[in-house]
Amino acid sequence: MPYNWIPPAPDGTVTLRLWPYRSLTRRGFVGFIAVTAALIALPLIGLIGNPVLWALLPFLAAAVAGIWFALRKSERDREILETLTLTPTLAHLRRAGPKGRVQDWEANTYWVQPVLHPKDGPVPNYLTLRGGPREVELGAFLTEKERLGLYGELTAKAAQIIQTPPSDPA
């Protein structure tokens, strides 16, 4: 799953980190570009020494460059990290998106409630957090099943945090 729970701190703070799934690793990216370039160049072997080769080469190079830039842009657009921190008194959601854009949301943990919209949201099993100044979406990049599983885990963790009294520092 593209999220994980960080073990609770001594003060009862629980942190959830979410990120989009990336199916293409850096090594896979290099391999894909290499194979694509090789397959595009394969028909050109018969044109070696022919002036037609020089006419076709810029278009084939542009095709490989276009694939390269499209995959890089897709990877940059998926550089999202959502961090939900639950303390006994405060829930804080931070979404760091592409190009360094950061969005924050805070609410009293007692009033925070995970809400699952099975059919009423823009996607099935739309997951939001309600309880602060506005309702915010959580894990927009997760699949339906992942949002459903996260909803159950988040509901249990939130209930556990609220019921756990803060530890006495003395």
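On a predicted model such as this, the values are computed, not experimentally measured, just so you know.

Colleague: Sorry, what's going on with the nonpolar core here?
Modeller: The tendency in soluble globular proteins is for nonpolar side chains to be buried as a group. Leu18, Leu84, Leu129, Leu138 and Leu150 are the most contacted members of the largest nonpolar core, which totals 23 residues. Going through the elements one at a time, strand 1 (3-6), strand 2 (14-18), strand 3 (81-86), strand 4 (90-96), strand 5 (102-108), strand 7 (126-130) and helix 3 (144-163) are the ones with two or more residues in this core. Beyond its immediate stretch of four places on either side in the chain, Leu129 contacts Leu84, Leu93, Trp105, Val112, Gln113, Pro114, Arg134, Glu135, Val136, Leu138 and Leu154.

Colleague: For this particular structure, what's the right way to read the pattern of salt bridges?
Modeller: Here the idea is simple: oppositely charged side chains can pair when their charged atoms come close. This structure, assessed with the given rule, holds six salt bridges. Close ionic contact of Asp77 with Lys73 constitutes a salt bridge, the shortest N to O distance being 2.8 Å. With a gap of four residues between them, Asp77 and Lys73 both fall in helix 2 (residues 51-77), about one helical turn apart. Classification of Asp77 by relative accessible area gives partly exposed; the value is 34%. One continuous salt-bridge network, built from bridges that share partners, spans Arg26, Arg72 and Glu75.

How each quantity is defined
- Residues numbered from 1 in each chain as written.
- Predicted model: local features only at pLDDT ≥ 70, side-chain atom pairs only at ≥ 80, totals over all residues.
- Heavy atoms only, no water.
- Core = buried A, V, L, I, M, F, W, Y, C linked by side-chain atoms within 4.5 Å.
- Buried < 20%, exposed > 50% of the residue type's maximum accessible area, 1.4 Å probe, protein only.
- Helix = DSSP H or I, 4+ residues; strand = E, 2+ residues; numbered from the N terminus.
- Contact = heavy atoms within 4.5 Å.
- Salt bridge = Lys/Arg side-chain N within 4 Å of Asp/Glu carboxyl O.

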